[in-house]
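Next come the chains, spelled out residue by residue.
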Amino acid sequence: MKSFITGLAAAAALTLAAAAPVAAQQNSRIIVVSHGQANDPFWSVVKNGVTAAGQDMKVQVDYRAPETFDMVAMAQLIDAAVNQKPAGLIVSIPDASALGPSIQKAVAAGIPVISMNSGSDVSKKLGALLHVGQDELDAGKAAGAKLKEMGGKVGLCVNHEVGNVSLDLRCKGFGEGFGGKVTVLPVSNDPSDIRAKVKAALASDTSIDTIMALGAPLSGEPTVAAVKEAGKTGSVKIASFDLSANFLKAVSAGEAAFAIDQQQYLQGYLPVTFLALNAKYGLIPGGDVPSGPNLITKDKAAQVVELSAKGIR
């Protein structure tokens, strides 16, 4: 009888132990720290993915970002998240030298980390389990090669966050794939400023026949407007990273060549899902997950306009 009771006790202990990760998962949360604010049209789609995954996986998820592109403030947000000991941490890595120490603190504290959007080249070195995003240099090369194929010879790369390694890589890749003369135009995050500076660049160098914008809602749309105001619609090819309903309409109308879709909804959704499954079952993919790039040309643009307006594409 004693051995039977002992066996029952052991079985009960095993049952409780097996249930512990599930209970812990239900009572814990996943924290997302990005360099992009949720009111930015691009990052609002990421946040929509984060929110949907939290609901589907039944976990609490907090989305945090500095008020502006500020690596010191972002590192502080990561440090604060580590102190809260979440079930998992999701980070973007636009500047590894500035954010690396804080990310490594999270890993050292035993917190599972997944990087998303930016930082594919440094993610593993910093101890992240995997990265969800696109390779920015390769995406830029693919876009540049396509624009060269379309006849482009003199290019302009409109960079709204100079110093953001991911955006700098986009311009670099564009230049390598394009092969012709490329000038980087530094601008702010203000669409009216972008429109004015692109228009001024076109006026000062009439040989520009190709423009690469690095964010459709933020810089792609003002670029289309600037080209229209300069009277060069059709003679200047415009492409942009990322999607927005209005930019896709411009592509569909032949006012822009294509958009580069990195599927940022997945960048928000998948890391939350992976960390929730990791906390509950110990499951995790064996490698990075490429979310893009996909070139959305005129024949495809109309299909995704509605989803872009809904904050999914």
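This text gives an overview of the structure that appears in the document. Chains are numbered independently. Their residues run from 1 in the order of the written sequence. Predicted model: local features are reported for residues with pLDDT of at least 70 only, side-chain atom pairs are reported and counted for 80 or more only, and whole-chain, interface and lining totals are derived from all residues. The side-chain quantities take in all heavy atoms of the structure and omit both hydrogens and water.

**A word on the sheet that holds strand β3 (residues 88-91)**
Link 1 in the chain: Spatially, the six strands line up as an open sheet ordered β2-β1-β3-β4-β5-β11, and their pairing is parallel. Edge strands, defined here as strands with exactly one partner in the open sheet, are β2 (60-64) and β11 (289-290).
Link 2 in the chain: In this analysis, two residues are considered to be in contact whenever any of their non-hydrogen atoms come within 4.5 Å of each other. Only the stretch in contact is used when a helix axis is fitted, and all axes are lines through C-alpha atoms; the angle between N-to-C directions ranges over 0 to 180 degrees. Helix numbering and strand numbering both begin at the N terminus, where a helix is a DSSP run of H or I of at least 4 residues and a strand a DSSP run of E of at least 2. Here helix α2 (residues 41-57) sits on the sheet and contacts β1 (29-33), β2 and β4 (113-116); the angle it forms with β2, its principal contact strand, is near 165°. Two strands qualify as a pair provided DSSP detects at least 2 bridges between them.

**Some details on the sheet that holds strand β7 (residues 181-186)**
Link 1 in the chain: Spatial strand order, β7-β6-β8-β9-β10-β12: six strands in an open sheet with mixed pairing. Strands at the two margins of the open sheet, each flanked by one partner only, are β7 and β12 (294-296). Taking the axes of each pair of neighbouring strands and ignoring which way they run, one obtains an average angle of 20° across the sheet.
Link 2 in the chain: In this structure, strand β6 (residues 154-159) lies alongside β7, joined through six bridges in parallel fashion. From the neighbouring strand, Val 154 faces β7, where its bridge partner is Lys 181.
Link 3 in the chain: Taken strand by strand, helix α7 (residues 191-204) contacts β6, β7 and β8 (210-213), and its axis lies near 145° from that of β7.

**Let's talk about unusual backbone geometry**
Link 1 in the chain: Here Gly 292 and Pro 293 are connected by a cis peptide whose omega angle stands at 10°.
Link 2 in the chain: Tracing the backbone through its elements, the reader meets Pro 293 in the loop between β11 and β12.
Link 3 in the chain: Positive phi, normally seen in glycine, also occurs at Asp 242, with a value near 70°.
Link 4 in the chain: Its location among the elements puts Asp 242 in the loop between β9 (237-241) and α9 (245-252).

**What about the nonpolar core?**
Link 1 in the chain: We call a set of buried residues a nonpolar core when its members are Ala, Val, Leu, Ile, Met, Phe, Trp, Tyr or Cys and they connect through side-chain atoms within 4.5 Å of each other. Buried, partly exposed and exposed residues are distinguished by accessible area as a fraction of the type maximum, computed with a 1.4 Å probe on protein chains only: under 20%, between the cut-offs, and over 50%, respectively. Val 158, Val 198, Ile 211, Phe 247 and Leu 248 are the most contacted members of the largest nonpolar core, which has 30 residues in total.
Link 2 in the chain: At the level of secondary structure, the elements contributing two or more residues to this core comprise β6, α7, α8 (216-229), α9 and α11 (298-309).
Link 3 in the chain: Counting residues in each nonpolar core, the second largest holds 21 residues, with Ile 30, Ala 52, Val 59 and Val 272 among its members.

**Let's talk about the state of the cysteines**
Link 1 in the chain: Two cysteine sulfurs form a disulfide in these notes if their separation is within 2.5 Å. The full count for this structure, using the stated rule, is one disulfide.
Link 2 in the chain: Put simply, Cys 157 and Cys 171 are joined by a disulfide, and their sulfur atoms are 2.1 Å apart. Between Cys 157 and Cys 171 the sulfur-sulfur dihedral comes to about -90°; the bridge is accordingly left-handed. One end of the pair, Cys 157, is in strand β6; the other, Cys 171, is in helix α6 (residues 165-178), with 14 residues separating them in the sequence.

**Describing the pattern of salt bridges**
Opposite charge on two side chains permits them to pair, given that their charged atoms come into close proximity.
Link 1 in the chain: Just to be clear on terms, a salt bridge is a Lys or Arg side-chain nitrogen sitting within 4 Å of an Asp or Glu carboxyl oxygen. By the definition in use, this model includes 14 salt bridges.
Link 2 in the chain: The salt bridge involving Asp 79 is made with Lys 105; its shortest N-O contact spans 3.9 Å. Here Asp 79, found in helix α3 (residues 71-83), pairs with Lys 105, found in helix α4 (residues 96-108); they are 26 residues apart in sequence, far enough to count as distant.
Link 3 in the chain: Looking at Asp 79, the relative accessible area reads 22%, which means it is partly exposed.
Link 4 in the chain: A salt bridge links Lys 228 to Glu 255, with the nearest nitrogen and oxygen atoms 3.4 Å apart. In this pair, Lys 228 sits in helix α8 while Glu 255 sits in the loop between α9 and β10 (258-261), placing the two residues 27 residues apart along the sequence.

**Looking at the packing of aromatic side chains**
Link 1 in the chain: Ring pairs are drawn from Phe, Tyr and Trp, using the six-membered ring of Trp, whenever the two centres fall within 6.5 Å, and their geometry is named by plane angle: stacked under 30 degrees, edge-to-face over 60, tilted for the rest. According to the stated counting rule, one finds three aromatic pairs in the structure shown.
Link 2 in the chain: With a centroid separation of 6.2 Å and an interplanar angle of 15°, the aromatic rings of Tyr 265 and Tyr 269 are classed as stacked. You can see Tyr 265 and its partner Tyr 269 sitting in helix α10 (residues 264-281), four residues apart, about one turn around the helix.

**With respect to the side chain of Asp 261**
Link 1 in the chain: Within the secondary structure layout, Asp 261 lies in strand β10.
Link 2 in the chain: At a separation of 2.8 Å, a polar atom in the side chain of Asp 261 contacts the main-chain amide nitrogen of Gln 263.
Link 3 in the chain: Asp 261 has contacts with Gln 134, Leu 243, Ser 291, Gly 292, Pro 293, Asn 294, Ile 296 and Arg 313, leaving out every residue within four places of it along the chain. Think of a polar contact as two N or O atoms within 3.5 Å of one another; within protein, one of them needs to be a possible hydrogen donor and the other a possible acceptor, and neighboring residues in sequence only count if both atoms come from side chains.

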